[in-house]
Every structure is written in C-alpha cells, then in structure tokens.
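Inside the fold
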Amino acid sequence: MTLYRTTRLMLSGAAFLSLAGSAFALDGQDLLTKINAAYSQQGGTIIADGVDVDGTSVTLKKASFKTNSGEAVSIGDITMKGVEEDEDGGYYVEEASFPNISATNEGATFTATDLTLSGISIPADPKGEGLNSMLLYENAHSGPVKVVQNGAELFSLAESDMNLTLREDESGFDFDGAFKGLKADLSKASDAQSKEAIDKLALQHIQGDITMKGAWELTPGTIDISEFAFDFNNVGKLNFAFKISGYTMSFMKSLQEAAKQAEANQNKEEAQQALGLSMLGLMQQLSFESAQIRFDDASITKRALDYAGSQQNISGQQMADSLKAMTPIMLAQLNIPELQNAISAAVNTFLDNPKSLTLAAAPAKPVPFPMIMGAAMGAPNTLPQVLGVKVSAND
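As the structure is a prediction and not an experimental result, all values here were calculated from the model. (Residues numbered from 1 in each chain as written. Predicted model: local features only at pLDDT ≥ 70, side-chain atom pairs only at ≥ 80, totals over all residues. Heavy atoms only, no water.)

1. A closer look at the overall build of the protein
Under the convention used in this document: For the purposes of this entry, the term helix denotes a DSSP run of H or I that reaches at least four residues, the term strand denotes a run of E that reaches at least two, and both are numbered from the N terminus. Relative accessibility thresholds used throughout: buried, under 20% of the residue-type maximum; exposed, over 50%; partly exposed, between the two (1.4 Å probe, protein chains only). The Shrake-Rupley method, run with a 1.4 Å probe sphere, supplies the accessible areas, and residue values consider only the shown protein chains as cover. Only four residue types enter the charge count: Lys and Arg as positive, Asp and Glu as negative, with His and the chain ends excluded. Where a charge sits is defined by one atom per residue type, namely NZ (Lys), CZ (Arg), CG (Asp) or CD (Glu).
Helices and strands together make up the secondary structure of the protein, namely nine helices and 20 strands. Referenced to the eigenvectors of the C-alpha coordinate spread, the extents of the protein come out at roughly 75 × 55 × 45 Å. The burial tally for the protein puts 41% of its 395 residues in the buried class. Surface accessibility of the protein: about 20,600 Å² in total, with carbon and sulfur atoms responsible for 55%. Taken as two groups, the 28 positive and 48 negative side-chain charges of the protein have centres that lie 5 Å from each other.

2. Quick look at unusual backbone geometry
Despite not being glycine, Asp 114 shows a phi value in the positive range, around 55°. A relative accessible area of 41% means that Asp 114 is categorised as partly exposed. Of note in this structure, Glu 170 is not a glycine but carries a positive phi near 60°. Relative to the assigned elements, Glu 170 resides in the loop between β12 (159-166) and β13 (172-185). Owing to a relative accessible area of 27%, Glu 170 belongs among the partly exposed residues under this scheme.

3. A few points about a negative patch on the surface
To keep it simple, the criterion reads: Note that patches include only residues with greater than 30% relative accessible area and no salt bridge, and the join distances are 9 Å for like charges and 5 Å for nonpolar side chains (Val, Leu, Ile, Met, Phe, Trp, Tyr). Note on definitions: salt bridges are taken to be side-chain nitrogens of Lys or Arg within 4 Å of carboxyl oxygens of Asp or Glu.
Together, Glu 84, Glu 94, Glu 95 and Asp 114 line one region of the surface with negative charge. As for its position among the elements, Glu 95 is in strand β5 (residues 91-98).

4. A closer look at the side chain of Asp 297
Filter applied, for reference: In the analysis that follows, any N or O atom pair within 3.5 Å is treated as a polar contact, provided that within protein one partner can donate a hydrogen and the other can accept it, and provided that, for residues neighboring in sequence, both atoms belong to side chains. Whether two residues are in contact is decided by their heavy atoms, any of which lying within 4.5 Å being enough.
With respect to the element layout, Asp 297 can be found in strand β17 (residues 287-297). Buried Asp 297, no salt bridge; nearest opposite-charge side chain is Arg 303, N-O distance 7.4 Å. At 2.7 Å, the side chain of Asp 297 and the side chain of Thr 301 are in polar contact. When residues no more than four places from it in sequence are discounted, the contact partners of Asp 297 are Val 235, Gly 236, Phe 350, Pro 354 and Lys 355.

5. Considering the pattern of salt bridges
Taken as a whole and judged by the stated rule, the model has 12 salt bridges. Between Glu 196 and Lys 200 there is a salt bridge; the shortest N-O distance is 3.7 Å. Of the two residues, Glu 196 and Lys 200 are both situated in helix α2 (residues 192-200); the distance of four residues between them amounts to about one turn of the helix. The class of Glu 196 is partly exposed, set by a relative accessible area of 34%. Relative accessible area serves as the criterion here: at 45%, Lys 200 is assigned to the partly exposed category. Across the pair Lys 243 and Glu 289 runs a salt bridge whose closest N-O atoms are separated by 3.8 Å. Residue Lys 243 is located in strand β16 (residues 236-245), and its partner Glu 289 is located in strand β17; the two are separated by 46 residues in the primary sequence. Lys 243 gets classed as partly exposed once you look at its relative accessible area, which sits at 27%.

6. Some words on the packing of aromatic side chains
As a reminder, the rule being used: Under the pairing criterion, centres of Phe, Tyr and Trp rings, with the six-membered ring standing for Trp, must be within 6.5 Å; the plane angle then separates stacked pairs below 30 degrees from edge-to-face pairs above 60, leaving the rest tilted.
A full pass over the atoms with the stated rule returns six aromatic pairs. Plain terms: the ring middles of Phe 228 and Phe 230 are 5.2 Å apart, the flat faces sit at 45° to each other, and that makes the pair tilted. Under the relative-accessibility criterion, Phe 228 is labelled partly exposed at 33%. Classification of Phe 230 by relative accessible area gives partly exposed; the value is 26%. Counting every residue linked through ring pairs, the aromatic cluster contains Phe 173, Trp 216, Tyr 247 and Phe 251.

7. Focus: the pairing of strand β7 (residues 108-112)
What counts is decided by this rule: Pairs of strands are assigned from DSSP output, requiring at least two bridges between the strands.
Bridge count between strand β6 (residues 101-105) and β7: five bridges; the pairing is antiparallel. The residue bridging Asn 105 from the neighbouring strand is Ala 108, located in β7. The pairing of β7 with strand β10 (residues 145-149) spans five bridges and is antiparallel. Bridging across to β10, Phe 110 finds its partner in Val 147.

8. A word on α2
N-capping of α2 is provided by Asp 191, with a side-chain oxygen placed 3.3 Å from the backbone N of Gln 193. Residue Ala 202 follows α2 closely and has a positive phi angle near 55°.

9. Notes on the environment of Ala 152
Position of Ala 152 relative to the elements: it lies in strand β11 (residues 152-157). Residue class for Ala 152 comes out buried when judged on its relative accessible area of 16%. On a C-alpha basis, the gap between Ala 152 and Ala 108 in space is 9.5 Å, while along the polypeptide they are 44 residues apart. Not counting residues up to four positions away in its chain, the partners in contact with Ala 152 are Val 147 and Lys 188.

Note that every value here comes from positions in space, so none of it alone points to a role or purpose.
So, in structure tokens, the structure goes:
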C-alpha cells in the first residue's frame, strides 16, 4: 500500500459503493466488479440500472444492495466524486453521497439525511493478506435522523461520525465514533405500568450521546475497545471496554466466509448449526486480555431506589438497606468468598453515596477462550480468579 493510501479506513457493512470513469478512461465495469468482489466477502453485492460518468464524478443509477440470500434493498442514485485508479489496479474515491432515506411503517416515519462516506479505498484483490485487500474508508457521516409518529418526534439524532485512521507503519488502525444529540421521547408510552415507571424515574425525555474509541493491531490480532459509552443527561454514563487478541486478518476472513456460506444455505436450521460449529472452532484462536464495565451515576440511582421502594411500600433508603443485606446472601450461593466480600463492600459504598460502580477483569496474562469455556462448564466459581475479576465503587 502506497503512502497515498495511508489513511484509509475499514468499510462497515452499510457502505455501498459504485463505479467510475474519468478523463483517463476509467473502466467503470471493472470498478464495480472489484467493489462486488470485495463487498461479497461481507455478504452482498451492488446492483445498478446504469452508470453515468462525468470526468472523475460517477453516478450509480437506481442502485440496490442484494444479499447473498437474494434479498434486495433499494438505495437510489449514489454519487461519487474524485474517483481515481491506483497503480495496483484498485480505486480511491474522495466521497460517496447517498440519497436521503424516508420510510414509513405502521404509522411511523423514519428519515435520515446527509449520508456520506469519504476516503474510500477499493482493493484490486480482496483475497490478499494485507490491508490493501480490504474495503476501507476514512469517514462515515450521517446528518439528522428522526422517527416521527402522528406528528410527534419519538426519536432523533443530530449527527453521527465514524472515523478510522491507518497507522503510519500500517501495523493497524485506530478508530472512533460519535452519535451526537440523541433524543428519545418516552412520555407517550401506552402501557400504564411502563408509563408509571417512566414518570417516577423522570425518563420522559432522554437526551445524550454515544461515543466509542478503539484500535486494531493486525499481527497479533489485538482489538482494544477502550470506550463504548452511553452518556445520558440526568441518568448516568455506562461505559464498556474490552481487549482480545487473535482477531487477525485470517480470522476475520474465515469468519466472513462462514457467515457467507450460512447466508447462502437455503436450509436455515442447517445453516445455523454449521455457523455455530464454525464459530466454536474459530473461537479457539482468541484470547481474553481485559474487560471493564463502569457506571457513573447522574441521579438515576436514587430515583430507581425510590421507585423500587414504592412498589413495596417502603422508602428508597429502606430499599437500599434491603439490597445491602440481600447481596451477601445471594452471592454466598456462588462459592466465591473473596469476590463476594469485594462485591458486598462495593454495593454498600455505592448505595450509601451513588457515584460510580466498576466491574473489571484483568488477568495477569491473556487467557485463551477455550480455557474460559472449560472453567465455565467445569468449575464456574473459579472464573473470577481465572479472569482476575475485581469490583469497586466511587473510585
């Protein structure tokens, strides 16, 4: 891969690309063939009624996406700008823009606007071993997304962006994403019990963001998701993080091939069984390195205790005291005395002064997935020690 392509990003399943022509007589059909050769690895192909080429701009007319099982989804015209052919026979596209989406189902209308992909790389040979065998993009963007029913906006998203940057030594890439200005209106819940809970928890109108950060190091196949956070006003922030190794290019392509074969199999029961066996075999290659779940409270805990207590005709404080008393009794059945004490202490601390609660697993060295599955089946009480599990509060 040349320096020219050093910031290309891995294409997610929603990227539908097209063909191009240019002043240097780009072969649009060749481009489409190579797009489909690469994209078919992820389970589908792109179909178009026609292609208009104007210099380095290309419009894919009445495009649709067809899965390997034969299902088709209409997209519309896709416009691509800055299309160039690389020396190795692959292609680069500065930006691809997609039609706005508007679909209505059971009285609810879904709309999405300003949909683009930027910095797209299309491989010459998707069966290669390096990054230049992958569909890559630098940025995936969407503008406002809304769900409206009976004139009321039930859900909206101001914008979203996903970015991926290839490292200079091409050893892997870093990625991040953000879904900003997410809003949900739960005030119109029709079920009386649900409405009561929503009102008592003050969740009628939810607003917040979803963010993520991570990296993929190719040779050891290390995927490190350092942040996958749901942060909502007056509720709290829930963040997931994990790190595994063994997810190499070879592993990924084997996974794609297994999924592709399962989708093409008309016997769905047989396909699911075969996919399950393939997944079980592939899991042998992975190792667990770390994981963490952390919740930072922003007032939801007190409201939840008050609501739960009201269902039993007791106060929120009495509910908290009850939970503190029940926790060690419930944990005693798991036969994990050391972790039991840590969990009980963390729960007591959190319920007394809700700030944060963290569950982390960090073994001294990577643990192969087969060892984890063996412990889970043979001696589940040893899992906390195998994975190095710790629990803490307000840290």
